[in-house]
Amino acid sequence: MSNGSPVANGHPPRHPEPATVGRASSADGVPVGAYARPGGVNGSFGPRPQRPVVPLGAPPTPEYLADAFGRSPGESSIGRPPAPPAAVPAAGPEPDPWRDPNAAAQLGRPAVPTPEPERQELPPAERFSLRQALFERRLRPSAIIGVLVTALVIGAVGAAIGVFAAGRLPAPATDPSFELAPVSPGITREPGSVADIAAKVLPAVVSLEVRTGDVGETGSGVVIDGDGHILTNNHVVSTAATDPSATLTVIFDDGRQSRVPATIVGRDPLTDLAVLKVDVQNATVAQIGDSDALAVGDPVIAIGSPLGLAGTVTTGIVSAKDRPVRLQGGGSDTDAVIDAIQTDAAVNPGNSGGALVDASGAVVGINSAIRTLGGDSSGSIGLGFAIPIDTARSVAEQIIRTGSVQHSTIGVNARSATDGVTDGAQVQNVQAGGPAAAAGIAEGDVITKVGDRQVGNADELTVAVRQNPVGATVPVVLLRDGREMTVSVTLGSE
């Protein structure tokens, strides 16, 4: 080692040559003056500037502040000068603190209560009557006059207030002396008026009641002779005919509402008619009219017991005639097709079996059915149907005479059919050995006319056949393979 420095591998250490800072040679290719020290600077930093000495302590007070807040000449502090010593008060009377504004607060003597003066009881005022005041001169005349004037003024003011209030308040709603002026009767009921007809027919129209246990049904009927026969609908009394426990009662509109048990003479499900018998004397009998004489637009009156309301009368007109209507169901064995009279007179459930009368009061139909809108609507919409009295008379006579009814038949089953041009009743099957088979009518034939009546559907075929008597020979027009032909058929009985 040499000079205290370590030697590695026997060789002294090499020190790199320090780089020269601030010096440049022309060999660098840069002018020497670009990196040279400024003149007068020997080191790496320039000389430091001399900083001014900062005095310690409070800064001098500005003159305007000293003038405003400084001490006056000769004063050692800025506080108030000390107060002079308090003078000892001279002996004398005790000062009054209420008169000394500088006196301190102190407790005074207790207040001495002032004695209340004694109350002197006044004697009660003397009372005297009006007689004493007027006749014994207890009051001065001027006082009496003043009282009277005051009373008159008070009365006048009260009367004025009453008159004003009476004009402002509503008049009383009741009048004990009120009475309507009598009016002479202005209604004249000419013979043939609705009221006149109703008065004549109502006693001949009865109410029917069919009861099974606690369940009851109502309908109407018409007295047709003096022996107590009553014409009604089959669907009204079918429960009484089929249920042994059912009871049938007739209620007359005679002012006493007489209730009479009835028996069933006979019934016809194919025309929805039935005849009853009651044991009564001097019953009012309905006048039987002529339904064929009716014309569309004629006035009619419906009388019956809708919904059990006996003696109900409604009016209307004949809306249509010869309207085929099928009647079936309703809890009865009725399976009828009627050639009905259509009316807009209100007919409702319970009117069934009642009378449809013309302007003379004659019965021209037995009310039987209505057309409704369905759903919950079951009342009249102006579409009521009645069995023509001509048909009802014939059926009633047969029932009363024999207990049964015969109807004409052609011996076929048919359905409604149309080819877009012609409507009719197409034969579905032909009864072997029946009238149609004997006349050569075959399945598939379309019947368009029976006698003098056109046939547009199956129901019209039924009513067209039944309007002819049993055994009658009638011409039947039919279409077969597009060709029209006419055959003669002798009607049978069913």
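Conventions used here
- Residues numbered from 1 in each chain as written.
- Predicted model: local features only at pLDDT ≥ 70, side-chain atom pairs only at ≥ 80, totals over all residues.
- Heavy atoms only, no water.
- Pairing = 2+ DSSP bridges.
- Helix = DSSP H or I, 4+ residues; strand = E, 2+ residues; numbered from the N terminus.
- Axes fitted to C-alpha atoms, helices over the stretch in contact; angles between N-to-C directions.
- Buried < 20%, exposed > 50% of the residue type's maximum accessible area, 1.4 Å probe, protein only.
- Polar contact = N/O pair within 3.5 Å; in protein donor to acceptor, adjacent residues only side chain to side chain.
- Contact = heavy atoms within 4.5 Å.
- 1 Å grid on protein atoms, 1.4 Å probe; cavity = no way out; pocket = protein on both sides within 12 Å on 5 of 7 lines; lining within 4 Å.
- Points joined across faces, edges and corners; volume = space filled by probe spheres on them.
- Nonpolar A, V, L, I, M, F, W, Y, C, P; charged D, E, K, R; others polar.
- Patch = residues over 30% accessible without salt bridge, like charges linked within 9 Å, V, L, I, M, F, W, Y side chains within 5 Å.
- Areas by Shrake-Rupley, 256 points an atom, 1.4 Å probe, with all protein chains shown as cover.
- Salt bridge = Lys/Arg side-chain N within 4 Å of Asp/Glu carboxyl O.
- Core = buried A, V, L, I, M, F, W, Y, C linked by side-chain atoms within 4.5 Å.

Asker: Would you mind showing me how to read the sheet that holds strand 5 (residues 259-268) here?
Answerer: Hydrogen bonding along the main chain pairs the strands of a sheet, whether they run parallel or antiparallel. With antiparallel pairing, the 6 strands of this closed barrel are ordered in space as 1-2-3-6-5-4. Within this sheet the neighbouring strands show an average axis-to-axis angle of 40°, counted without direction. Sheet analysis places strand 5 next to strand 6 (residues 273-278), joined by 6 bridges and oriented antiparallel. Paired with Asp 268 across the strands is Leu 273, a residue of strand 6.

Asker: What is the right way to look at the sheet that holds strand 7 (residues 299-304) in this model?
Answerer: Strand order in the closed barrel formed by 6 strands is 7-8-9-12-11-10, with antiparallel pairing between adjacent strands. Here the strands of the sheet are splayed against their neighbours by 50° on average, with no regard to which way each runs. Judged from the 6 bridges that link them, strand 7 and strand 8 (residues 312-328) form a sheet pairing that is antiparallel. Bridge pairing in strand 8 links Ile 303 to Val 313.

Asker: What am I meant to see in the side chain of Ser 332 here?
Answerer: With respect to the helices and strands, Ser 332 occurs in the loop between strand 8 and strand 9 (335-343). Residue Ser 332 is classed as buried on the basis of its relative accessible area, which comes to 18%. One polar contact links Ser 332 to Thr 334, side chain to side chain, over a distance of 3.3 Å. Ignoring anything within four residues of it in the chain, the contact list for Ser 332 reads His 235 and Ser 238.

Asker: Which parts of the structure should I look at to understand empty space enclosed by the protein?
Answerer: One simple way to see leftover space: roll a probe sized like a water molecule over the atoms. On inspection of all chains with the given rule, the structure shows 1 cavity of 30 Å³ or more. Space inside the largest cavity adds up to approximately 50 Å³. Every residue lining the largest cavity is listed: Val 205, Val 206, Ser 207, Ile 251, Phe 252, Asp 253, Gln 257, Gly 304, Ser 305, Ala 310 and Gly 311. With 3 residues, the single largest contributor to the lining of the largest cavity is strand 1 (residues 205-212). The residue inventory of the lining of the largest cavity, partitioned by class, reads 5 nonpolar, 5 polar and 1 charged.

Asker: I'm lost on a nonpolar patch on the surface in this one. Help?
Answerer: Judged by side-chain polarity, Ile 145, Val 149, Val 153, Val 157 and Ile 161 come together as a nonpolar surface patch covering roughly 450 Å² of accessible area. Within the secondary structure layout, Ile 161 lies in helix 3 (residues 141-168). Residue Ile 161 is classed as exposed on the basis of its relative accessible area, which comes to 53%.

Asker: Please clarify how the environment of Glu 217 should be interpreted in this entry.
Answerer: Structurally, the position occupied by Glu 217 is in strand 2 (residues 215-223). For the pair Glu 217 and Gly 350, spaced 133 residues apart in sequence, the C-alpha to C-alpha distance is 8.4 Å. In this structure, Glu 217 is in contact with Leu 208, Glu 209, Val 210, Val 236 and Thr 239, ignoring residues within four places of it in sequence.

Asker: Sorry, what's going on with the pairing of strand 12 (residues 384-388) here?
Answerer: Consecutive side chains along a regular strand alternate between the two faces of the sheet. With 5 of 5 residues buried, strand 12 lies mostly within the body of the structure. Bridging between strand 9 and strand 12 involves 3 bridges; their strand directions are antiparallel. Bridge assignment links Gln 342 to a residue of strand 12, and that residue is Phe 385. The pairing of strand 11 (residues 363-370) with strand 12 spans 5 bridges and is classified as antiparallel. Across the sheet, residue Gly 365 finds its bridge partner in strand 12, namely Pro 388.

Asker: Quick question: what am I supposed to make of the nonpolar core here?
Answerer: As a rule of thumb, nonpolar side chains are buried together in soluble globular proteins. If you look at the biggest cluster of nonpolar residues, it comprises 31 residues, and the most contacted ones within it are Leu 231, Val 357, Val 363 and Ile 366. Setting aside residues no more than four positions away along its own chain, Val 357 makes contact with Ile 197, Val 201, Pro 299, Val 300, Ile 301, Ala 362, Val 363 and Val 364. Of all hydrophobic cores here, the second largest spans 19 residues; its members include Ile 230, Val 236, Leu 276 and Val 280.

Asker: Even after reading the chapter, I still don't get the pairing of strand 3 (residues 229-232), so can you show me in this structure?
Answerer: Of the two faces of strand 3, the one lined by His 229 and Leu 231 and the one lined by Ile 230 and Thr 232 are each fully buried. Bridge analysis of strand 2 against strand 3 gives 2 bridges, and the strand direction is antiparallel. The partner of Val 222 across the bridge, within strand 3, is Leu 231. The hairpin turn running from strand 2 into strand 3, its antiparallel successor, is 5 residues long, and Gly 228 in that turn takes a positive phi close to 95°.

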